[in-house]
Every structure is written in structure tokens, then in C-alpha cells.
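Topology and contacts: notes
What follows is each chain in one-letter form.
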Amino acid sequence: MSHSNALQATTHFYGGHAGMRLLRTALGAAERLWPALAVRAAYRLFGTPLPLRRPGGNALPAGAWRTERWPFEDAEITLYTPQAQPHGPAVLLLHGWGGHARQMLPLADALAARGLRPVLVDLPAHGGSRGRVSNLAQFARAIEYATARLHAQDSAPTAVVAHSLAANAAAHAASRGLATGRLVLLAPPASPHEYTRLFAQVFGLSERTRAAMQRRIEAREGILMRQFEPPAVGPRIALPTLVVHDRGDRINRFADGEAYRDCIAGATLMPTEGLGHRKILQHAEVLAAVADFVAQPVPAQLPAGTGPGRLLADGCPK
């Protein structure tokens, strides 16, 4: 997908929400009159999941799902497990930015039909979870925390399946030794830095403001955006990995999926056609492929972090 198509998709994402044109005008005025305020406002907007939601919105129905709410940092993580739980291994299912656990229900049904136990998650500031703002780094910490707590409850997930930004976060967590057996990345983005550029273009922000916003994010989170990219995380991932990406994805380029395939030893890329960014979460062939992959026995694996890559590697083997 070209940069112009990515910009168009990003513009549509933000432009579809009330008040975005007014925010663009206000950010432009602040940039001219009070640059520091423009950086703070851009930082806040960049970390606000859209569409705006009412607290507790999109939570799964209590009759069919058991809900657990875990305080996490200044927000919370909400987990949903079937009331009639299969006895098989748990599989952690994670939505993307601006998404919610309901989007993972078709996959949950496909896993339950195979005797696996789906555990759906509303990440901080999403779906039924408290919080106003979040970001990629917090997603990664939340995934690590949820996985560790499930282990402590004797519900260790045999696999982690993540969509879009959560796939980027899950790959980072896997590179740090995430305690699971298999990894599935659905339509993962490869460059958070690139998305800051698209965000800045949509709101007419200068490179100076964009770069200051990025530095603010990195300083507050204690991690550089480059540390989330495939060349940085891929060589450190020792888990069997399946990547699913549509060739026509207008949100995250198909080349992003290829980058994860190239950077993670032994990873498999399943390309799709005509599903875009979100329909892969519902398509029967994708659901079957993911269920088949995570249902396989977990092989013996190298300890995490023993891969050949450097923290900020320049490229990946083909």
C-alpha cells in the first residue's frame, strides 16, 4: 500500500469523528502561538482511542461471559472467559487500537469449537476497561501483565493472538520472553514512527511538533519507537509465529506483515485477498488457520532473547 493510501486511510479514521476539523484548526493555532501547548495537545490526542466511548461500552454480555477487572497502572484490563468453559488450554485474544474484545468473538467461537479456552481482553481505555488514554508501550506492558497473572492463576495461555497495534505490542512482549507457546499476529503494523508522521500530516503539524511529540512519548514510556519495529523484535522471538495480512490492507501495509515474516525465524505468512484490515477477524479460512495453528502442540523452544539480532538491528535475513 502506498503512502498516499495510508494517509487517506488515516485521514478517514480521524475525519470520521466529530470535532476533528475544529481540533485541527486549534492545533494549528497553538503551533503558531504556543508551540509547547501544541505538543502536549498532540500527545494527548495521539494517545486517545477513537471513537470516543461511554465507560463500560462494548463489554461482553454477562450471561455468556465471566468478567474479571484488573487494575492496571492508572486504568484497568478487563478479561472475559466463557461461562461454559472448554477444558482445553487458554488462548489470549487481543484487539487493536480503538477496538474492543467483541471484535474477537468470531475467533473465540472458532477456538472454543476446537476445545480451546478463549480469553478475550479489553485493553486499557478500550471497550469495557477504564482509562482515557493509552499507547503502544502500555499495550505491551498490559499483555505481559495479563499473561503473567494468568500463569499465576494456573491458566497459562498456550498462545497469544493479537490484531493490529496489539500485534505490534505482542511481538515486542514476545521478544522480551512472553510466557506463552505460540504467537499469531493479525495485520500487524511495522513502524509506530511512520504512524506519527501520518498523524502529523492529517492534523497539519510541522515536523518539529511531530518530533517533539515522539520524544515526549518515548521519554514518558522509557522506550524508543524503533525498539518496536520488526528488525528490533523479530530476531529475539523464539516462538512459533503465524502472521496473517491482507494484500489490500489500507491501515497497515502488507509489507509490514512481510517484515515480521522475514525477521522472525521460522515465521509463516498467510496472505489474504479482499479482506482489508478488519474482515480477517471474521473470515472462515483465517479463523480455521489460526485455530489449527494454536491447537498444535507447543514444541521445545529456545529461551527468549537468544536470537542473533541486536536490539536495534538494521535489517532481517530473507
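Structural notes, computed from the coordinates. For clarity, every value in this text was computed on a predicted model and none was experimentally measured. (Residues numbered from 1 in each chain as written. Predicted model: local features only at pLDDT ≥ 70, side-chain atom pairs only at ≥ 80, totals over all residues. Heavy atoms only, no water.)

**A short note on the packing of aromatic side chains**
This structure, assessed with the given rule, holds 6 aromatic pairs. With centroids separated by 6.0 Å and ring planes inclined at 40°, the aromatic side chains of F46 and Y195 adopt a geometry described as tilted. With F46 in helix 3 (residues 35-46) and Y195 in helix 7 (residues 192-202), this pair connects stretches of sequence that are 149 residues apart. On the basis of an interplanar angle of 75° and a centroid distance of 5.1 Å, the ring pair of F46 and F199 is categorised as edge-to-face. With F46 in helix 3 and F199 in helix 7, this pair connects stretches of sequence that are 153 residues apart. Classification of F199 as buried rests on a relative accessible area of 0%. Aromatic rings pair up to connect F46, Y195, F199 and F203 into one cluster. Above the ring of F293, the side-chain terminus of R182 is found at 4.8 Å from the ring centroid. (Phe/Tyr/Trp six-rings, centres within 6.5 Å; stacked < 30°, edge-to-face > 60°. Helix = DSSP H or I, 4+ residues; strand = E, 2+ residues; numbered from the N terminus. Buried < 20%, exposed > 50% of the residue type's maximum accessible area, 1.4 Å probe, protein only. Lys NZ or Arg CZ within 6 Å of the ring centre and 35° of its normal.)

**Describing the environment of E194**
Turning to its location among the elements, E194 is positioned in helix 7. Accessibility expressed as a relative area gives 25% for E194, which makes it partly exposed. A distance of 2.6 Å separates polar atoms of two side chains, one belonging to E194 and the other to R197. (Polar contact = N/O pair within 3.5 Å; in protein donor to acceptor, adjacent residues only side chain to side chain.)

**Digging into the sheet that holds strand 3 (residues 90-94)**
Spatial ordering of the open sheet is given by 1-2-4-3-5-6-7-8, a layout of 8 strands whose pairing is mixed. Here the strands that pair on one side only, and so sit at the sheet edges, are strand 1 (65-72) and strand 8 (268-272). Shown here is a sheet whose adjacent strand axes are inclined to one another by a mean of 20°, direction ignored. In the sheet, strand 3 pairs with strand 4 (residues 117-122) via 5 bridges, with the strands oriented parallel. (Pairing = 2+ DSSP bridges. Axes fitted to C-alpha atoms, helices over the stretch in contact; angles between N-to-C directions.)

**Comments concerning the pairing of strand 8**
One ladder, built from 5 bridges, connects strand 7 (residues 241-246) with strand 8; its direction is parallel. When the sheet's bridge partners are listed, L242 is paired in strand 8 with T268. Between the parallel pair strand 7 and strand 8, the chain is carried across by helix 10 (residues 254-263), and the sense of this crossover is right-handed. (Right-handed = clockwise from strand over helix to strand, strands pointing away.)

**Things to note about the state of the cysteines**
In this structure the tally under the stated criterion is 1 disulfide. Between C263 and C316 runs a disulfide, and the two sulfur atoms are separated by 1.7 Å. Residues C263 and C316 are joined through a disulfide that is right-handed, its torsion about the S-S bond being 95°. Linking C263 in helix 10 with C316 in the segment after helix 11 (284-295), this pair joins segments that are 53 residues apart in sequence. For the pair C263 and C316, a shared accessibility class is recorded, and that class is buried. (Disulfide = S-S within 2.5 Å.)

**Brief notes about unusual backbone geometry**
Note: most residues except glycine have negative phi, and most peptide bonds are trans. For A125, which is not a glycine, the phi torsion comes out positive at approximately 65°. The class of A125 is buried, set by a relative accessible area of 2%. Positioned with a positive phi, A187 is a non-glycine residue whose angle comes to about 50°. You can see A187 is positioned in the loop between strand 6 (182-186) and helix 7.

**A short note on a nonpolar patch on the surface**
Taken together, the side chains of L33, W34 and L37 present a nonpolar region at the surface, about 360 Å² in accessible area. Topologically, L37 is positioned in helix 3. (Patch = residues over 30% accessible without salt bridge, like charges linked within 9 Å, V, L, I, M, F, W, Y side chains within 5 Å. Areas by Shrake-Rupley, 256 points an atom, 1.4 Å probe, with all protein chains shown as cover. Salt bridge = Lys/Arg side-chain N within 4 Å of Asp/Glu carboxyl O.)

**Digging into helix 5 (residues 136-152)**
Counted at 1.5 Å a residue, the expected span for helix 5 with its 17 residues is 24 Å, and the 25 Å between its end C-alpha atoms agrees. Those residues of helix 5 not exposed but buried are L136, A137, Q138, F139, A140, A142, I143, A146, T147 and L150. Taking the backbone nitrogen of A137 as reference, a side-chain oxygen 3.2 Å away marks N135 as the first, capping residue of helix 5. Looking one or two places after helix 5, you find D154, whose phi comes out positive at around 60°. (Expected span 1.5 Å × (residues − 1).)

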